[in-house]
Every structure is written in structure tokens, then in C-alpha cells.
Amino acid sequence: MKLSDEELNKLITHTRKVVEEELEPLQPEIEQTNVFPEEFFDICRKNGFFGLTVPEEYGGKGLNVEQFFPVLEQICRGPGGMRMNLHHANGLDWRIMYEHGSKKLRDKWMPKLANADLYINFALTEPDCGSGADIRSTAVKKGGKWVINGEKTLISHTDIANGTYVIAVTDENKRKKGGLTAFFVETDLPGFNVEPMPHMMGCRGAGHAYLHLKDVEVDEDHVLGNVGDGLDIFMDALALSRASIGVSCLGLSQRFLELAIARAKDRVTFGKPLVKRQAIQQMIADMGTQVYALRSILWDTARQFDRGENIEMKSSMCKLHGIDTVRTVSDSCLEIFGGIGYFEDNPYGPVERMYRDARALWFEEGPRTVQRLTAARPLIENGGNIE
Ligand SMILES: Cc1cc2nc3c(=O)[nH]c(=O)nc-3n(C[C@H](O)[C@H](O)[C@H](O)COP(=O)(O)OP(=O)(O)OC[C@H]3O[C@@H](n4cnc5c(N)ncnc54)[C@H](O)[C@@H]3O)c2cc1C
């Protein structure tokens, strides 16, 4: 669905209000329990947050990416665990099923995703190898079934997921060239075990765990795409997801900037508010410039995706620039805040929690080294052309 400018602005304003007034107040308790209360799901369902991008035929709003990103930005101003959940629900979760699931799987799962009546997560990372062609999990065909064995780590939303996308080696001799296959695995199958991980630094409530798969049997129609397509399917899905991580950096950075200005206006030292000092103004100008540049490349990448073009290079650039932005903007914000920014509660906003939440963004959807490789490859091939 393409919203009019007026409808989109209304949705953006409404989302911001719900995040500030209804979701944010839930977070202090989640910081302690590390679990989302049922209210989180109720609020998000009532406002259609799980299905912002899910196609209308499956009960979602069907926003294209150009319209979704400014809405996601508002969500990303809020608590990191919630942002992670809604980023997944509106990205990897339904897209992989929609684009690569068998008819049987799609018919069962797609109608339930827009409302989070069913939830799917994504299991790529493993404990003893690099993410991608290096993975160790295996799937072997026995009779009419695929038998999957392996270990996954750092997997989000394992406490609520009913299904998982799993990638495994199906032909050891090929690996990068068609030796990896993507599967859909229901989490209640025999041999599928979830072992919760310790509390994270930030993004509390996002239910991280190790997954142990021991002789898990799935039917042939649980192969996503074709046998051997797994790496392409996973990497393709990550392309848009990396740009969404850029939006997560943007939402937080914009809020850090606003909080820093609010504090600098109030805080008086040596007879003048901080905001009147040139040193502080220069920091604010640099923060704003980075935020503006990040928003611009994100919106450009979104339009390119909606036109059906390949965004692999640009989405990695978005993530790289996103991390640089949120790192320098959050540092400057805390510097401007002075000592009170280091404490959990202050009257301006949760800068201490936001700082912890932000650090997950370095790793989600791959670290900086991987983003640089992905961005460098086409740049080198095209002699530096960034169209
Ligand atoms: C909050 C959070 C949520 C996550 N959710 C999920 C999820 O839902 N599903 C999922 O599959 N994964 C998830 N992950 C895992 C995440 O994708 C990985 O942490 C990330 O890809 C980095 O892999 P790693 O942790 O194994 O680090 P490593 O691969 O051990 O890398 C450690 C460091 O070494 C560098 N490095 C690694 N290899 C090379 C190389 N060849 N050359 C140069 N430098 C290198 C990396 O850049 C990094 O700085 C999550 C992680 C976090 C923190």
C-alpha cells in the first residue's frame, strides 16, 4: 500500500507517540526481567506494528521500504530489544517465507505473522566458525526427510519464536558454490533445544539463546528455495536488513542529538548555558551533519530497493555509516551531558540505556569487516561507481 504524504506523516507521528507514551514506560521492568510483558505484544498488535511491511493480502499494511523506514526510525528511538523485535518482524521474518517458502508453509505461516500470532527468527551464527560459507551445521537427506545437526549462537527472540530459518551444509565439496541450503524448522520438533544465554549489555528482552539441533527431521517442503540456494537466500535477506540496522542507528542518533541539545540549553556553567559555548555548538553541528547524511543515504537506498535494484553495496555502506554516526553522536551526547549521563535515571531521557542498546548494532547483521568487504567488492569491480 502506498500511503499519501498526509497519511504517512500521521502514521509517523502516531508511532512516535506510542513509542514514547506506551512502550518506553515498559522498559525499566524489562531491564530487570529481560522478558517482554504481554502488554508489549498487545500494544504492538493494536497499532499494527508487527505487520507494517507485511503484504496486505496477509493482513499487514504492506508499506514499501521508502515509507517504512521513517516509521521504523520512530520505533528505533525507543528501547533496543523492542526495536530488534519489530525490525525482525517487518524484515527477515516474513520476507524469507514469502519469497522462498513452499506453498504449504506460506499458507500456514504468512497469515499469522502480521499479528505476531506466530513468530520466526533467523539462525546463521555458529560458535566455532565464521558466519557464512564457513558454517558447520549439516543437513543430510535420509528417506524422505532432511536430518539437521548443528549449533547456533547469539540467536534473537528464541523465547517467542515458533519457527526458525536455519542454514546448513548439504554438500561439503561445494560450500560457497551451492553447497549450503536454507531450511524452515519448527521450534517444537524433537531434537530442537534452546539454551538461554546470559543477560546482554543492552537490548534487554530480546530473548537470546544458543540453539542445539540434534537429528532434527524436517520434510522436503521445509527447504527454502532450492537445495543449494541457502547462502544466496540468507545473504539476500541480510541486504535489506543491514539497511534497517542503519535506520536503528539513525533513530538512536537523532534522539541522542535532541537530548544533548535539551541538556545543553538547561545546564549553566560559569554563568552561561552550555549551548552558548562555541565548543558545544561545534559538537552539535557535527552530530547533526552525521545524522543528516545517514538519513539521506538510507532514504536513497530504500528507494533503490523499491525500484527492484540490488542494494547490497549501499546497505553495507548504510550500516557502516550508521555505526560511525551512532558512535560519535552517542559519545558527544554523553560528553555534553556530563556526569549525570552516566547514571540510569535523569530527567531528560535514558541516555545510559541508549548507549548500551547502541552497542549491539556493531554486530547485528554482521560486523564492520564484513560490511567493508561487501561494499568494496562492487566498488572495485565498477572502478568506484556508486550509482
Ligand atoms: C544483539 C545481537 C543479536 C544477534 N542476533 C542474531 C540472530 O538473530 N541470528 C544470527 O544468526 N546471529 C545473530 N547475532 C550474531 C551476529 O550476527 C554476530 O555477532 C556477528 O555476525 C559477528 O560474528 P561473531 O560474533 O561470531 O564475531 P567473530 O566472527 O568472532 O568476529 C569478531 C571480530 O573479528 C572480526 N573478524 C572476524 N572474521 C574476520 C576476518 N576474516 N577478517 C578480519 N576480521 C575478522 C570481526 O569483524 C569482529 O570484529 C547477534 C548478535 C548480537 C550481538
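The preceding data block contains the structure.
What counts and how
Residues numbered from 1 in each chain as written. Predicted model: local features only at pLDDT ≥ 70, side-chain atom pairs only at ≥ 80, totals over all residues. Heavy atoms only, no water. 1 Å grid on protein atoms, 1.4 Å probe; cavity = no way out; pocket = protein on both sides within 12 Å on 5 of 7 lines; lining within 4 Å. Points joined across faces, edges and corners; volume = space filled by probe spheres on them. Nonpolar A, V, L, I, M, F, W, Y, C, P; charged D, E, K, R; others polar. Axes fitted to C-alpha atoms, helices over the stretch in contact; angles between N-to-C directions. Helix = DSSP H or I, 4+ residues; strand = E, 2+ residues; numbered from the N terminus. Contact = heavy atoms within 4.5 Å. Parallel < 35°, antiparallel > 145°, perpendicular 65-115°, else oblique. Left-handed = near helix turned anticlockwise from the far one by under 90°. Polar contact = N/O pair within 3.5 Å; in protein donor to acceptor, adjacent residues only side chain to side chain. Buried < 20%, exposed > 50% of the residue type's maximum accessible area, 1.4 Å probe, protein only. Expected span 1.5 Å × (residues − 1).

K.L.:
Just checking my understanding: could you explain empty space enclosed by the protein for this structure?
P.N.:
In this approach the atoms are scanned with a rolling probe the size of a water molecule, which exposes any empty space left behind. Scanning all chains against the criterion turns up three cavities of 30 Å³ or more. As a volume, the largest cavity reaches approximately 40 Å³. What lines the largest cavity is Phe50, Ala89, Asp93, Leu113, Ala116, Leu118, Tyr119 and Ile120. Tallied by class, the residues present in the lining of the largest cavity amount to seven nonpolar, no polar and one charged.

K.L.:
Even after reading the chapter, I still don't get the packing of helix α4 (residues 65-76) against helix α9 (residues 278-306), so can you show me in this structure?
P.N.:
When two helices pack together, their arrangement is given by the angle between their axes and by how far apart the axes lie. At their nearest, the axes of α4 and α9 sit 8 Å apart, and the two run at 145 degrees to each other. In this structure, α4 contributes Val65, Glu66, Phe69, Pro70 and Glu73 to the contact, and α9 contributes Arg295, Leu298, Trp299, Ala302, Arg303, Phe305 and Asp306. Here the residues of the contact of α4 with α9 are counted per class, giving seven nonpolar, no polar and five charged.

K.L.:
Whenever I open this one, the packing of helix α1 (residues 5-23) against helix α3 (residues 38-46) confuses me. Can you help?
P.N.:
Where α1 meets α3, the axes come as close as 12 Å, and the angle between the chain directions of the two elements is 160 degrees. Comparing the axis directions of α1 and α3 gives the class roughly antiparallel. Crossing handedness for the pair α1 and α3: right-handed. Facing Val18, Glu22 and Leu23 of α1, the residues of α3 in contact are Phe40, Ile43, Cys44 and Lys46. When grouped by side-chain class, the residues that make up the contact of α1 with α3 number five nonpolar, no polar and two charged.

K.L.:
Help me out: how do you make sense of the side chain of Arg204 in this one?
P.N.:
Take Arg204: it is sitting in the loop between β6 (192-196) and β7 (209-219). In this structure the side chain of Arg204 is engaged in a polar contact, spanning 3.0 Å, whose partner is the backbone oxygen of Glu31. Not counting residues within four places of it along the chain, the set of residues in contact with Arg204 comprises Gln27, Ile30, Glu31, Asn34, Phe36, Gly81, His199 and Arg356.

K.L.:
Even after reading the chapter, I still don't get the environment of Tyr348, so can you show me in this structure?
P.N.:
Turning to its location among the elements, Tyr348 is positioned in the loop between α10 (312-337) and α11 (351-358). Given the relative accessible area of 22%, Tyr348 is considered partly exposed. Here the alpha-carbon distance between Tyr348 and Phe337, two residues 11 residues apart in the chain, equals 9.6 Å. Residues within four places of Tyr348 in sequence aside, it is in contact with Leu259, Ala262, Arg263, Asp266, Phe337 and Ile340. Side chain to side chain, Tyr348 and Asp266 meet in a polar contact 2.9 Å long.

K.L.:
Just checking my understanding: could you explain α9 for this structure?
P.N.:
The periodicity of an α-helix, 3.6 residues per turn, causes residues three or four places apart in sequence to face the same way. Taking 1.5 Å per residue, 29 residues should reach 42 Å; α9 reaches 42 Å between its end C-alpha atoms and fits that length. Along α9, the residues classified as buried are Ile280, Met283, Ile284, Met287, Val291, Leu294, Leu298, Trp299, Thr301, Ala302 and Gln304. As for α9, its buried residues are in contact with α4, α8 (230-266) and α10.

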